[in-house]
Amino acid sequence: MKTIDNQDLAALSAKAACAPRLRAHHNVHAELDDSIQRLAIAMEPDTYVRPHRHPGSPELLIVLSGALDWIEFDAAGETVVGRHRLGDGGARVFEMPENTWHSVVSLAPGTVVFEVKRGPYLPLPEADVAAWAPAEGEAGVADMLAWLRGCRPGDRRA
């Protein structure tokens, strides 16, 4: 049996707070090639998640602590079409269809989300990350994160 308790959440959040990416993962699945990926992800407020999509897999998010905004983009991955609060002040469970362009913004220290999607884990190819958004570590990430924090439906950053 596998469990994640409050002590595990606190330890994962502490690990994320010290990590360069301000994120930390705790995999429940045994192998990266497992057919279903199940993991807890701690995300601190200044972490950057480049807009992307997952062809071939819906994605289920369950917020275990804290809060985040899930930002949905149109089919071209360019215009914001939705913004949803998850966790404190919003839905605790959220499922998006496959091939949905999205990003998330962590709103509180100690935010942890549980993610379930089809495996195996493979790094996203360039076709599935927004070409208009900088990659992690590139110039412009701070500006992009600031834009993601404030964008609303109808906004476009291209």
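Structure first, text after, so check above.
Residues numbered from 1 in each chain as written. Predicted model: local features only at pLDDT ≥ 70, side-chain atom pairs only at ≥ 80, totals over all residues. Heavy atoms only, no water.

Participant: Explanation requested: the sheet that holds strand β7 (residues 102-106) in the structure shown.
Facilitator: The strands making up a sheet associate through hydrogen bonds between their backbones, and the pairing can be parallel or antiparallel. Taken in spatial order, the three strands of this open sheet run β5-β4-β7, and their pairing is antiparallel. In this open sheet, the two edge strands, each paired with only one partner strand, are β5 (80-87) and β7. The sheet shows a mean angle of 20 degrees between the axes of neighbouring strands, direction not considered. Two strands pair when backbone bridges link them, and strand β4 (residues 67-73) and β7 are joined in this way by five bridges, in the antiparallel orientation. Bridged to tryptophan 70 within β7 is valine 104. Its contacts with the sheet place helix α2 (residues 141-150) against β4, β5 and β7, and it is angled at close to 80 degrees to β5. (Pairing = 2+ DSSP bridges. Helix = DSSP H or I, 4+ residues; strand = E, 2+ residues; numbered from the N terminus. Axes fitted to C-alpha atoms, helices over the stretch in contact; angles between N-to-C directions. Contact = heavy atoms within 4.5 Å.)

Participant: Explanation requested: the pairing of strand β2 (residues 36-43) in the structure shown.
Facilitator: Counted residue by residue, β2 has six buried out of eight residues, so it is predominantly covered. Relative to β2, strand β1 (residues 23-27) is paired through five bridges, and the arrangement is antiparallel. Directly across from histidine 26, in β2, lies its bridge partner alanine 40. Strand direction decides the pairing type here: β2 and strand β8 (residues 111-118), joined by eight bridges, are antiparallel. Bridged to alanine 42 within β8 is valine 112. (Buried < 20%, exposed > 50% of the residue type's maximum accessible area, 1.4 Å probe, protein only.)

Participant: What is the right way to look at the pairing of β4 in this model?
Facilitator: The side chains of a regular strand alternate between both faces of the sheet. Within β4, six of the seven residues are buried, which leaves it mostly tucked inside the rest of the structure. The sheet contact formed by β4 and β5 spans seven bridges and is antiparallel. Counted as the bridge partner of glutamate 72 is glycine 82 from β5. Hairpin connection, β4 to β5: the antiparallel pair is bridged by six residues, and glycine 77 has positive phi, about 75 degrees.

Participant: What's the story with unusual backbone geometry in this structure? I'm lost.
Facilitator: Glycine aside, the phi torsion of most residues is negative, and most peptide linkages are trans. Cis geometry marks the peptide bond from glycine 119 to proline 120; its omega dihedral reads 0 degrees. Along the polypeptide, proline 120 turns up in the loop between β8 and α2. Here leucine 22, not a glycine, exhibits a phi torsion of approximately 60 degrees, which is positive. Although it is not a glycine, asparagine 99 adopts a positive phi angle of roughly 70 degrees. Tracing the backbone through its elements, the reader meets asparagine 99 in the loop between β6 (93-96) and β7. Of the residues examined, asparagine 99 reaches a relative accessible area of 39% and is grouped as partly exposed.

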